[in-house]
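# Structural overview for review
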Amino acid sequence: MAAYTKKEQIYEGKAKKLFRTEDPDKTIIEYKDSFTAFNGEKRAEMSGKGRLNNLISSEIFGFLAKRGVPLHFIERIDELSQLAVMVKILPLEVVVRNITTGSLCKRLGVGEGIKLPRPLIEFYYKDDALGDPLVTEDHALLFGWATEDDLSSMKRITLRVNDILKALFEPLGIVLVDFKLEFGKNSAGELLLADEISPDTCRFWDASTGDRLDKDRFRKDLGDVLGAYEEIWRRLSGRNKELS
Ligand code: TMP
Ligand code: ASP
């Protein structure tokens, strides 16, 4: 892979910055040390967070790439950054849930920690000012946020990612409770899984203790946030890579 250099910044989000490279179809994504929750209302800086999310996300994307999932991720460049295909992100967050918790329980009044008979997929409209509202597929179609094909591909890829990641995390003693994915289109119009997959975007519960090993530690002030991220990285990087 040719080396790409970081040119001017094109975008800064809550957790990452994007930079142009000499190739208009490739971007360098740099992970920040910032934590935000509740649509940016709660914020903190924690040194080392960007590194851990970059390492974890790159490892997971590498695992998915080997299994043929279409991805924006190309390779990890260094401790803080990744090379990725430049995509235009669709304004939808796709959440998949295996166990009830979080906003699902708040919104519908259902109990916490119930194992669902099959994965539940939800779409949220990406708009911080509106608080990323839950939307139906019809909303997405009628307001032009995605096509029928996009929605069916997103659902198919999301369920496949869920199966692959459950199989990755189970032997590590980690329950994959739920997670959020984002998708984008490359310059050829192909749909690719994008953004990141990390303890910021997943709920990971320790299988034996039930300890929260994800951003809920920050959202709910449970303490030792980075210790939990470190633990996810320790188990992921230390796994037997011949098995998975
Ligand atoms: P929720 O229960 O708060 O809706 O979260 C569902 C999953 O989506 C959980 O794994 C955390 C993740 N998530 C994000 O990645 N970004 C967000 O903005 C929100 C609200 C949730
Ligand atoms: N990602 C959202 C924020 O940064 C909300 C969350 O993850 O809880 O505000």
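This report concerns the structure included in the present document.

Reading guide: rules and limits
- Residues numbered from 1 in each chain as written.
- Chains lettered and ligands numbered in written order.
- Predicted model: local features only at pLDDT ≥ 70, side-chain atom pairs only at ≥ 80, totals over all residues.
- Heavy atoms only, no water.
- Phe/Tyr/Trp six-rings, centres within 6.5 Å; stacked < 30°, edge-to-face > 60°.
- Helix = DSSP H or I, 4+ residues; strand = E, 2+ residues; numbered from the N terminus.
- Buried < 20%, exposed > 50% of the residue type's maximum accessible area, 1.4 Å probe, protein only.
- Pairing = 2+ DSSP bridges.
- Axes fitted to C-alpha atoms, helices over the stretch in contact; angles between N-to-C directions.
- Contact = heavy atoms within 4.5 Å.

Moving on to the packing of aromatic side chains. Applying the stated criterion across every chain yields a total of six aromatic pairs. Where Tyr125 meets Trp145, the ring centres are 3.8 Å apart and the plane angle is 15 degrees; that geometry is what we call stacked. With Tyr125 in strand β9 (residues 115-125) and Trp145 in the loop between α3 (137-142) and α4 (148-169), this residue pair connects regions lying 20 residues apart in the sequence. Its relative accessible area of 18% is what places Tyr125 among the buried residues. On the accessibility criterion, Trp145 (17% relative accessible area) is buried.

The next subject is the sheet that holds strand β1 (residues 9-12). An order of β1-β2-β3-β7-β6 is seen for the five strands of this open sheet, with the pairing classed as antiparallel. Both outer strands of the open sheet, β1 and β6 (73-76), are each paired with one neighbouring strand and no more. Averaged over all pairs of adjacent strands, the angle between their axes in this sheet comes to 25 degrees, without regard to strand direction. Examined bridge by bridge, β6 and strand β7 (residues 81-85) share three bridges and lie antiparallel to one another. Across the sheet, Arg76 pairs through a bridge with Gln82, a residue of β7. In the packing of helix α1 (residues 49-66) onto the sheet, the strands contacted are β3 (26-31), β6 and β7, and the crossing angle to β6 comes to about 125 degrees.

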